[in-house]
Amino acid sequence: MTTHTSPATRATASSARRKFMRNSALALVGTALPTINFAQTVPVATRQFSPKPAEWRTFEVTTRVDMAKPQGGTRLWLPVPSVNSDWQQSLESSYSSNGTARMEDDNTTGARMLFVDFAADQAKPFVELTSRIRTRSRAQDWSQKTAVAEDAATLKFWTQPTDLLPMDGIVRTTAQEATRGAKTDVEKVQKIYDWIVTNTFREPKVRGCGEGDIKTMLETNNLGGKCADLNALFVGLCRAVGVPARDVYGLRVAPSAFGYRELGGNSASLKGAQHCRAEVYLKGYGWVGMDPADVAKVMRQETQEWIKSASNPLVAPVNKGLFGGWEGNWMAYNVAHDVVLPQSSGPKLGFFMYPAAETAAGRLDSYAPDDFKYQISAKELSA
């Protein structure tokens, strides 16, 4: 058995991502209100969603994997939180396993991970990873421009295409149409955010968090999906009109303090609690949090009725609050696209926020936690 403790804040391979690890988010920040669940007791007309700056919250997040059907040599990769910013501090991570385990960085994207290699004759491979993070809510003060300017190389990096985020063709055309009449980057982002909320929708039948193939979404006019689809489309459209933007991949770790069932996680069992968000860089404001996908989730799943308007009193506070902020009951793993898993024989990943594993039979389905036999839980630690 291997036991090891390692800091989760090593430098990444690219200068843009190293800058992100040190201090990526310059927007104002806050924390969630006390964790109470009054989802079914607050009348819709008085529902609030307004994350505000406050104190840090500390969570301990544990991922346990038991390989139920090892076939030959087995390899496993677990995402490790590596984001350090004004809204998250990634602290130490520890692990135990009966395989050979070590911390790794993807050399291209800077994604932090635990890599475990199991011998072919290991009958019951397992690994348990525990990471501590501090997180707090963020809320942009649009009346103030106080952010320190980001360097040009970093901003250029976050306007480049990826495999799933092309910047030309139908993506560029759609972005130009969505932002017609906008004169500033803030206006462009607001128009794209509104376009996502108006034209896309949450599709519960999509597996996992979706794939984020935005070109196919636009070409087929199939604009239903989950967070990795809808927020990727938001990020891609922003980049296509020159606004630096990125997806932030992570996990809900606690219930929402504002009573929204769909905007929180059950800390005891976080299978399926993976959630990606987005950031855009706006001059004078820095990196600003966005999450139009969660607006769509509230519209589709918060009640039995599919709400079709963002002005609905249940949706309106969320629509407003997630333009410029988010609640601190969520942790980020990384901001990586096109991830090459070290020593993997399989294809690269479009993004990395689920456990990944390979046996002699090939790569396992990360979206099937019961077949894969992994569990994730979190507990909040007292100050």
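We now turn to the structure provided with this report. (Residues numbered from 1 in each chain as written. Predicted model: local features only at pLDDT ≥ 70, side-chain atom pairs only at ≥ 80, totals over all residues. Heavy atoms only, no water.)

## Some remarks on the overall build of the protein
This is how it is decided: Runs of H or I in DSSP of at least four residues are treated as helices and runs of E of at least two as strands, each being numbered from the N terminus. When a residue's accessible area, from a 1.4 Å probe over protein chains only, is under 20% of the maximum for its type it is buried; when over 50% it is exposed; and in between it is partly exposed. In what follows, a contact means two residues having at least one pair of non-hydrogen atoms within 4.5 Å.
What the protein contains, in helices and strands, is nine helices and 18 strands. The 383 residues of the protein split such that 57% are buried. The contacts in the protein between residues at least 6 apart in sequence include a share of 76% that link residues at least 24 apart.

## Some thoughts on helix 7 (residues 292-301)
In terms of burial, helix 7 is a largely internal element, eight of the 10 residues being buried. Every buried residue of helix 7 is listed here: Pro292, Ala293, Asp294, Val295, Ala296, Lys297, Val298 and Met299.

## Remarks on unusual backbone geometry
Unlike most non-glycine residues, Asn221 shows phi in positive territory, near 55°. Topologically, Asn221 is positioned in the loop between helix 5 (214-220) and strand 10 (224-225). Within the chain, Gln343 stands out as a residue other than glycine whose phi angle is a positive 60°. Examined against the element boundaries, Gln343 turns out to sit in the loop between strand 15 (330-334) and strand 16 (356-359). A relative accessible area of 39% places Gln343 in the partly exposed class.

## Quick look at the sheet that holds strand 12 (residues 274-282)
Note the cut-off: Strands were regarded as paired on the criterion that DSSP finds at least two bridges between them. Under this scheme, a helix contributes an axis fitted over its contacting stretch, all axes are lines through C-alpha atoms, and angles between N-to-C directions fall in the 0 to 180 degree range.
Strand order in the open sheet formed by four strands is 13-12-11-15, and the pairing between neighbours is antiparallel. This sheet does not close on itself; its edge strands, each paired only once, are strand 13 (286-290) and strand 15. The sheet shows a mean angle of 40° between the axes of neighbouring strands, direction not considered. Here strand 12 runs beside strand 13; their pairing, made up of five bridges, is antiparallel. Considered in strand 13, the bridge of Ala278 is made with Met290.

## Remarks on the pattern of salt bridges
As a reminder of what qualifies: What counts as a salt bridge is simple: a side-chain nitrogen of Lys or Arg found within 4 Å of a carboxyl oxygen of Asp or Glu.
Per the counting criterion, the structure on display carries 21 salt bridges. A salt bridge links Glu104 to Arg102; the nearest nitrogen and oxygen atoms lie 2.7 Å apart. Residue classification places Glu104 among the buried positions, given a relative accessible area of 17%. The class of Arg102 is partly exposed, set by a relative accessible area of 32%. The partner of Asp185 in a salt bridge is Lys188, with the nearest N and O atoms 3.9 Å apart. Here the residue Asp185 and the residue Lys188 both occupy positions in helix 4 (residues 185-199), the gap between them amounting to three residues, near one helical turn.

## Notes on the environment of Val339
Mapping Val339 onto the fold places it in the loop between strand 15 and strand 16. Each C-alpha atom, one on Val339 and one on Thr108, is 7.4 Å from the other, the two residues being 231 residues apart in sequence.

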